[in-house]
Amino acid sequence: MHDLQEAGGTAIAGTSRRYGLWAVLLGLGGFALDWTTKEWVLRNLDPAEGVQVIPGQLYLRLIRNPGAAFSMGENFTVVLTCLAIAALLFLLVWMVPRVRHTGWAVATGLLIAGVSGNLFDRLAREPGAFHGHVVDFLQVPWFAVFNVADVWITCAAVLVIWLTLITGVNLAGERVQRTGSGATERPAR
């Protein structure tokens, strides 16, 4: 609220909403791409056969994953679903209204896309609501089979690390100065 009072109110409020709107729109677009690729895979790939895209580097292989990364937590699908709902609510209710920086808007949008893409699978796919298996289909050497939603989450994580550790910019777009003890201070206004 302090920012709104200092800057005359509407200009900053409009800018803040614009970043949040871009984050949500990016999230919706990312979700749509994830959903579209999964639907294509379900219609066109045989789970028994992989398809070579780039020899030795990238294959399409349909897997229905009841767990989390690397199929861990297969018996905790309901818990993973509830955690995804909580994460999506946090993003939409807490982060979106506070984002005032392009990088953070992109990171937030990518997280919305990734979390909602995998959450949709858990809520709407077989074997049923809160027990649904995530559709994974991208396979690279020495790594788990994953999907587009996982790519969004990974890109968002890299961007958040970049923004916080390298550029030192917080969600509000302010540079955060580090003190000698490793603690952070907000810049003076």
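Summarised in this report is the structure supplied together with it. This structure is a prediction, so every number in the text was calculated from the model and none was measured.

Cut-offs used in this document
- Here, residues in each chain are numbered from 1, in the same order as that chain's written sequence.
- Restriction of local features to residues with pLDDT of at least 70 applies here, the model being predicted, together with a cutoff of 80 or more for giving and counting side-chain atom pairs; totals for whole chains, interfaces and linings are based on all residues.
- Only hydrogens and water are set aside; all other atoms, that is, all heavy atoms of the structure, feed into the side-chain values.
- Patch membership needs two things, relative accessible area over 30% and no salt bridge, and members are linked within 9 Å if like-charged or within 5 Å if nonpolar (Val, Leu, Ile, Met, Phe, Trp, Tyr).
- Computed by Shrake-Rupley with a 1.4 Å probe, the accessible areas treat only the displayed protein chains as cover when residues are assessed.
- Here, a salt bridge means any Lys or Arg side-chain nitrogen found within 4 Å of an Asp or Glu carboxyl oxygen.
- What counts as a helix is a DSSP run of H or I of at least four residues, what counts as a strand is a run of E of at least two, and both are numbered from the N terminus.
- Each residue is assigned to one of three classes by its accessible area relative to the maximum for its type, calculated with a 1.4 Å probe on protein chains only: buried under 20%, partly exposed between the two thresholds, exposed over 50%.

With respect to a nonpolar patch on the surface
Taken together, the side chains of L21, W22, L25 and L28 define a hydrophobic patch exposed on the protein surface, amounting to about 440 Å² of accessible area. Tracing the backbone through its elements, the reader meets L21 in helix 2 (residues 10–44).

Let's talk about the pattern of salt bridges
A full pass over the atoms with the stated rule returns five salt bridges. A salt bridge links D34 to K38, with the shortest nitrogen-to-oxygen separation between them at 2.8 Å. Here the residue D34 and the residue K38 both occupy positions in helix 2, the gap between them amounting to four residues, near one helical turn. Residues D34 and K38 agree in their burial class; the two are buried. For the salt bridge of K38 with D121, the shortest nitrogen-to-oxygen distance reads 2.7 Å. Of this pair, K38 sits in helix 2 while D121 sits in helix 4 (residues 102–124), and the two are 83 residues apart along the sequence. The same class applies to K38 as to D121, namely buried. Residues joined in a network through salt bridges with shared partners are D34, K38, E39, R43, D121 and R125.

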